[in-house]
Amino acid sequence: MVLWVGTSWKMNKTRAEAASFATRLRDAAAGGGWPGVQPFVVPPATAISVVRDALGPESPVVVGAQNAHWEDAGAWTGEVSVPQVADAGATLVEIGHSERREHFGDTDRTVNQKVQATLRHGLTALVCVGESAEVRAAGDARQHVLSQVAAAVDRVPAGSRVLLAYEPVWAIGEKGREPTVDEIAEVTRALDAEYGAVVTALLYGGSVNPGNARDLLHTPGVTGLFVGRSAWDVNGYLDLLRIAADVAHKAGQVSAMTVPH
Ligand code: PGA
């Protein structure tokens, strides 16, 4: 099992800042990397090619885009398409983050269209889902998230490269509250039961930091972390990668011990 640990920079970093982050990451990876961990970085569209170039062709780090349109080209002012982000060096597209659903009109339907476009061009789709505080208070978190995922992967062929990121809206960003493992386990267990066998990984995101990462990686069903603020400084991201590599290493030891001889 591989733990996916990545960061979206949201609307942060100039190209120079992006290059400096990516260069540090490249050097850290060259020092042995993070066995059992798949790192990924999702810069703003302006810095995708900068990050790709600074990491170099041999880098194990996956580079993603924060969004892409469902059409390949056309009169869609302000948008970028999947072929365009692929041309810039992205091999993954983040789709349906709660900030896009709230402020930019992403819906279950357009999320599905973007997933289809991403997969059609051979990129990996990272689908973000999560309930608001109101939905959770009403006791509907699990049902809400399951229906978001069902819509996102509607008519998606089996075997497609899809990652899920469960990110409760109430846990994300400056105003977010750190969740307890129990709070998120109810949803991640249900996602794992329904989709664990078909998705590449199930990530948790929302107020992840080096203090809670280890516990969050032990949440039932969770096989990765998707991080904002704590990973915008490269040292924070490197801390998280080290923690994940340690978790992967210990999990490997445990499963080796339980293999029958
Ligand atoms: P945060 O953001 O880690 O800053 O809470 C998470 C996200 O939006 O994916």
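Look up a bit, the structure's there.
A. Fine view of unusual backbone geometry. Positioned with a positive phi, K10 is a non-glycine residue whose angle comes to about 50°. Within the secondary structure layout, K10 lies in the loop between β1 (3–8) and α1 (15–30). Of note in this structure, S207 is not a glycine but carries a positive phi near 55°. As for its placement among the helices and strands, S207 is situated in the loop between β7 (201–205) and α9 (213–217). Taking relative accessible area as the criterion, S207 reaches 13% and is therefore assigned buried.

B. Representation of the side chain of E131. Note that E131 resides in the loop between β5 (124–129) and α6 (133–137). With a relative accessible area of 0%, E131 lands in the buried category. A polar contact of 2.7 Å, which involves the side chain of E131, links it to the side chain of R136. Polar contacts involving the side chain of E131 include one to the side chain of Y166, which spans 2.9 Å. Discounting residues that sit within four places of it in the chain, E131 has contacts with R136, A141, H144, V145, Y166, P168, V169 and W170.

C. How the structure looks around the site of the ligand. Residues in contact with the ligand, as listed here, are K10, H97, E167, A171, I172, G173, G206, S207, V227, G228 and R229. Here an oxygen atom of the ligand sits 2.9 Å away from a polar atom, N or O, in the main chain of S207. Across the complex, the protein chains shield 99% of the 280 Å² of accessible surface that the ligand would expose by itself. The residue inventory of the shell around the ligand, partitioned by class, reads 3 nonpolar, 5 polar and 3 charged.

D. Spotlight on the sheet that holds β7. Within the closed barrel, the 8 strands sit side by side as β1-β2-β3-β4-β5-β6-β7-β8. Their pairing is parallel. Each adjacent strand pair in this sheet contributes to an overall mean axis angle of 25°, direction not counted. Two elements, β5 and strand β6 (residues 162–166), share 5 bridges in a ladder whose sense is parallel. What sits directly across from V129, in β6, is Y166. Packed on one face of the sheet, helix α8 (residues 181–195) meets β6 and β7 and runs near 160° to β6.

E. Representation of the packing of helix α5 (residues 108–120) against helix α7 (residues 141–152) in the model. Between α5 and α7, the shortest axis-to-axis distance is 8 Å and the interhelical angle comes to 45°. By the angle class used here, α5 and α7 are oblique. Taken together, the residues of α7 that come into contact with α5 (itself represented by D108, V111, N112 and V115) are S147, Q148, A151 and A152. The residue inventory of the contact of α5 with α7, partitioned by class, reads 4 nonpolar, 3 polar and 1 charged.

F. Here's a closer look at the pattern of salt bridges. The full count for this structure, using the stated rule, is 13 salt bridges. Measuring nitrogen to oxygen at the nearest pair gives 3.2 Å for the salt bridge that ties K114 to D106. Judged by relative accessible area, which is 3%, K114 ranks as buried. Through salt bridges that share partners, R100, D106 and K114 make up one connected network.

G. Here's a closer look at the packing of α1 against helix α2 (residues 48–55). Their axes nearest at 8 Å, the elements α1 and α2 cross at an angle of 30°. When the axis of α1 is compared with that of α2, the two are roughly parallel. Along this stretch, α1 crosses α2, giving a crossing that reads as right-handed. Judged by residue contacts, R15, A18, A19, A22, T23, L25 and R26 of α1 engage V50, V51, A54 and L55 from α2. Residue composition of the contact of α1 with α2, by class: 8 nonpolar, 1 polar and 2 charged.

H. Representation of the packing of aromatic side chains within the structure. Evaluated as defined, the whole model comprises 6 aromatic pairs. Each member of the aromatic cluster is reached from another via a ring pair, and the members are W4, F40 and F226.

About the thresholds
Position numbers for residues start from 1 in each chain and track the written sequence from start to end. For a predicted model such as this one, the threshold for reporting local features is a pLDDT of at least 70, and the threshold for listing and counting side-chain atom pairs is 80 or more; totals across whole chains, interfaces and linings nevertheless cover every residue. Hydrogens and waters are ignored; side-chain quantities use all the structure's heavy atoms. Secondary structure is summarised from DSSP: a helix means a run of H or I of at least four residues, a strand means a run of E of at least two, and numbering begins at the N terminus for each. Buried residues are those whose accessible area, probed at 1.4 Å on protein chains only, stays under 20% of the maximum for their type, while exposed residues exceed 50% and partly exposed ones sit between those limits. In protein, a polar contact means a hydrogen-donor-capable atom and an acceptor-capable atom, both N or O and within 3.5 Å, with residues adjacent in sequence counting only if both atoms are side-chain atoms; elsewhere, any N or O pair within 3.5 Å suffices. Here a residue-residue contact requires only that any non-hydrogen atoms of the pair lie within 4.5 Å. Nearness is defined per residue: one heavy atom within 4 Å of the molecule or strand is enough. Using a 1.4 Å probe, accessible areas were evaluated by the Shrake-Rupley method; residue-level cover was limited to the displayed protein chains. Just so you know the grouping, Ala, Val, Leu, Ile, Met, Phe, Trp, Tyr, Cys and Pro go in nonpolar, Asp, Glu, Lys and Arg go in charged, and all remaining residues, Gly too, go in polar. What makes two strands pair is DSSP finding at least two bridges between them. Only the stretch in contact is used when a helix axis is fitted, and all axes are lines through C-alpha atoms; the angle between N-to-C directions ranges over 0 to 180 degrees. Angular relationships are summarised with four words: roughly parallel below 35 degrees, roughly antiparallel beyond 145, roughly perpendicular across 65 to 115, and oblique for the angles in between. Salt bridge, as applied in this entry: a Lys or Arg side-chain nitrogen positioned within 4 Å of an Asp or Glu carboxyl oxygen. Here is the rule for handedness: rotate from the far helix to the near one, and if that takes an anticlockwise turn smaller than a right angle the crossing is left-handed, while a clockwise turn gives right-handed. For Phe, Tyr and Trp, where Trp contributes only its six-membered ring, two rings pair if their centres lie within 6.5 Å, and the inter-plane angle classes them as stacked under 30 degrees, edge-to-face over 60, or tilted in between.

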